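Descriptive analysis of the structure
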Amino acid sequence: MSAPNLSKTERIDVRASSSVKQLLQEAARACHKNVSEFLLDAGVTAAAQTLADRRQFTLDKAQWQAFQEALDRPVQVKKRLKKLLREPGALD
């Protein structure tokens, strides 16, 4: 999904580290876009997906039952996930 082609009257300012800026510039070049176009397209796509996941859930009776059962299951420790979340990420 890309940003609607409407008149651009608002400004969004973003601060980033040098390494993040270089990463964004490289990705924008790879997409044949400038950084603003790249960020706007990616941001609009992420915003639409984020909001879609929160607006409506449609489940039939069997799916709802399975969903409830999954929610009611006891928490299980996932050792590999725990280790992954403790390690620094690519952009840290």
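Residues numbered from 1 in each chain as written. Predicted model: local features only at pLDDT ≥ 70, side-chain atom pairs only at ≥ 80, totals over all residues. Heavy atoms only, no water.

With respect to the packing of aromatic side chains
- Inspection of the entire model under this criterion finds 1 aromatic pair.
- A centroid spacing of 5.6 Å and a plane angle of 40 degrees characterise the contact between Trp 64 and Phe 67, whose relative ring orientation is tilted. Here the residue Trp 64 and the residue Phe 67 both occupy positions in helix α3 (residues 61–72), the gap between them amounting to 3 residues, near one helical turn.
- Residue Trp 64 is classed as partly exposed on the basis of its relative accessible area of 44%.
- Exposure remark for Phe 67: the relative accessible area of 39% places this residue in the partly exposed category. (Phe/Tyr/Trp six-rings, centres within 6.5 Å; stacked < 30°, edge-to-face > 60°. Helix = DSSP H or I, 4+ residues; strand = E, 2+ residues; numbered from the N terminus. Buried < 20%, exposed > 50% of the residue type's maximum accessible area, 1.4 Å probe, protein only.)

Concerning the pattern of salt bridges
- If you walk through the whole model with that rule in mind, you get 3 salt bridges.
- The partner of Asp 13 in a salt bridge is Arg 11, with the nearest N and O atoms 3.3 Å apart. Accessibility assignment for this pair places Asp 13 and Arg 11 in one class, exposed.
- Residue Asp 41 is joined to Lys 33 by a salt bridge in which the shortest nitrogen-to-oxygen separation is 2.5 Å. (Salt bridge = Lys/Arg side-chain N within 4 Å of Asp/Glu carboxyl O.)

As for the layout of surface pockets
- Estimated volume of the largest pocket: approximately 700 Å³.
- Around the largest pocket, the lining is made up of 20 residues, and of these Arg 11, Ile 12, Ser 36, Leu 39 and Leu 40 lie nearest the centre.
- At the level of elements, α1 (18–30) and α2 (35–55) are the ones that each hand at least two residues to the lining of the largest pocket.
- No other element matches α2, which puts 6 residues into the lining of the largest pocket.
- Taken together, the residues of the lining of the largest pocket sort by class into 7 nonpolar, 6 polar and 7 charged. (1 Å grid on protein atoms, 1.4 Å probe; cavity = no way out; pocket = protein on both sides within 12 Å on 5 of 7 lines; lining within 4 Å. Points joined across faces, edges and corners; volume = space filled by probe spheres on them. Nonpolar A, V, L, I, M, F, W, Y, C, P; charged D, E, K, R; others polar.)

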